[in-house]
Amino acid sequence: MAQPGAVHGCHTWDELCAALVRLPELVGLAEAILGREVYVYQFKVNFKPPREGAAWPWHQDYAFWSEEDGMPAPDAVNIAVALDDAHRGNGPLTLLPGTHRLGLLDLPERAARSGHWRDHVSADLAYTVTPERAARLSADHGTRTLVGPAGSVHAFHPSLVHSSTDNLSDDRRALLLITYNAVDNAPPAPTRPPFLVARDTAAVRPLPDPRLTPRTLA
């Protein structure tokens, strides 16, 4: 299986992606979940080619943002927009409900932690939840697989344990992920590249766009 691919920071140079992160439906959802103003912390598109896209191991996104970026608290939300139909055969996300309440799990000792951002964007992740713990958590909490037609929208907590499987189908699986962070939760001194950790922490102002109607995202 080939490594899964990803494109980061598209909203900083693509007009349509910039409009998407300001869409009132998405900004309003993030603000409703977090209870305050938000900015775009990270924007990426993960894609798995047919019969080639490899799995992502069990992990928690907040492990990277806390340990590498210094994000004070997990007061952020991931909003996932399916760009392709997601089904059980093409490597969808699988979540372990309720695991965000357990804090960060299986962190390496600080001396062993990676300081290179390339270890944070490949399937060989620097911060993972062990398969043994994931199996126990799955038995205790159950699983939720994010399947649905293109345009489906899901929101999930950054400490939620999740993974994805190999794409064994003839269908591509592309998933757009916008991470909105609370404005007052911005890391004070991030060092990773801006396409991984946005430096512009100004609150996003919702702005409708005729190219992106609720019908388009439904």
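Note that the coordinates shown come from a computational prediction; the quantities given were computed from them, not determined experimentally. Counting of residues starts from 1 at the beginning of each chain's written sequence and follows it residue by residue. Where totals are concerned, whole chains, interfaces and linings use all residues; where local detail is concerned, this predicted model gives features only for residues with pLDDT of at least 70, and gives and counts side-chain atom pairs only at 80 or more. Side-chain metrics rest on all non-hydrogen atoms present in the structure, leaving aside hydrogens and water.

Things to note about a nonpolar patch on the surface
Okay, step 1: Taken together, the side chains of V7, W13 and F47 present a nonpolar region at the surface, about 310 Å² in accessible area.
Okay, step 2: Helical segments are the DSSP runs of H or I of at least four residues, strand segments are the runs of E of at least two, and each set is numbered from the N terminus. Along the polypeptide, W13 turns up in the loop between β1 (5-8) and α1 (15-20). Patch definition: residues with relative accessible area over 30% and no salt bridge; like charges joined within 9 Å; nonpolar side chains (Val, Leu, Ile, Met, Phe, Trp, Tyr) joined within 5 Å. Areas reported as accessible are Shrake-Rupley estimates using a 1.4 Å probe. Residue values count occlusion only from the protein chains shown. A pairing counts as a salt bridge when a side-chain nitrogen of Lys or Arg comes within 4 Å of a carboxyl oxygen of Asp or Glu.

Examining the environment of A198
Okay, step 1: For A198, the position within the fold is in the loop between β9 (173-182) and α5 (214-217).
Okay, step 2: Along the primary structure A198 and Q42 are separated by 156 residues, whereas in three dimensions their C-alpha atoms are 6.4 Å apart.
Okay, step 3: Sequence-distant contacts of A198, that is, excluding residues within four places in its chain, are made with Y39, V40 and Y41. In this analysis, two residues are considered to be in contact whenever any of their non-hydrogen atoms come within 4.5 Å of each other.

Structural notes on the sheet that holds strand β2 (residues 38-48)
Okay, step 1: In this description, strands pair whenever DSSP reports at least two bridges between them. Here five strands make up an open sheet; going across it, the order is β1-β2-β9-β4-β7 and the pairing antiparallel. On the outer flanks of this sheet lie β1 and β7 (153-156), each paired with one strand and no other. For this sheet, the mean inter-axis angle between neighbouring strands, taken without regard to orientation, is 20°.
Okay, step 2: As judged from the ten bridges shared by β2 and β9, these two strands associate in the antiparallel manner. Paired with K44 across the bridge in β9 is L177. Only the contacting stretch of a helix is used when fitting its axis, a line to C-alpha atoms as for every element, and angles between N-to-C directions run 0 to 180 degrees.

A few points about the packing of aromatic side chains
Where two aromatic rings form a pair, the distance of their centres and the angle of their planes describe that pair.
Okay, step 1: Side-chain rings of Phe, Tyr and Trp, where Trp is taken by its six-membered ring, are said to pair if the distance between their centres is within 6.5 Å; with planes under 30 degrees apart they count as stacked, over 60 as edge-to-face, and otherwise as tilted. On inspection of all chains with the given rule, the structure shows three aromatic pairs.
Okay, step 2: Seen in terms of ring centroids, Y41 and W65 are 5.4 Å apart; in terms of plane orientation they differ by 65°. Their pairing is edge-to-face. Of this pair, Y41 sits in strand β2 while W65 sits in helix α3 (residues 61-67), placing them 24 residues apart in sequence. For the pair Y41 and W65, one class covers both residues: buried. When a residue's accessible area, from a 1.4 Å probe over protein chains only, is under 20% of the maximum for its type it is buried; when over 50% it is exposed; and in between it is partly exposed.

A closer look at the pattern of salt bridges
Okay, step 1: Tallied over the entire structure, the rule returns nine salt bridges.
Okay, step 2: Residue D170 pairs with R51 through a salt bridge whose shortest N-O separation is 3.0 Å. Placement of D170 in the loop between β8 (162-164) and β9 and of R51 in the loop between β2 and β3 (56-59) is noted, with a sequence separation of 119 residues between them.
Okay, step 3: Overall, the relative accessible area of 59% leaves D170 in the exposed class.
Okay, step 4: The closest approach of N and O atoms between D69 and R192, which form a salt bridge, is 2.8 Å. Of this pair, D69 sits in the loop between α3 and β4 (76-82) while R192 sits in the loop between β9 and α5, and the two are 123 residues apart along the sequence. We note that D69, like R192, is buried.

Describing the sheet that holds strand β6 (residues 144-145)
Okay, step 1: If you trace the four strands from one edge of the open sheet to the other, you get β3-β8-β5-β6, paired in antiparallel fashion. Here the strands that pair on one side only, and so sit at the sheet edges, are β3 and β6.
Okay, step 2: Alignment of β3 against β8, held across two bridges, turns out to be antiparallel. Following the sheet pairing, H59 is matched in β8 by H162.

Notes on unusual backbone geometry
Outside of glycine, negative phi angles account for most residues, and trans bonds account for most peptide bonds.
Okay, step 1: Positive phi is not limited to glycine here, since R51 has a value of about 60°.
Okay, step 2: Even without a glycine there, the phi angle at D106 is positive, about 60°.
Okay, step 3: Checked against the element boundaries, D106 lands in the loop between β5 (93-95) and α4 (131-141).

Such coordinate-based values are descriptive only and should not be taken to indicate function.
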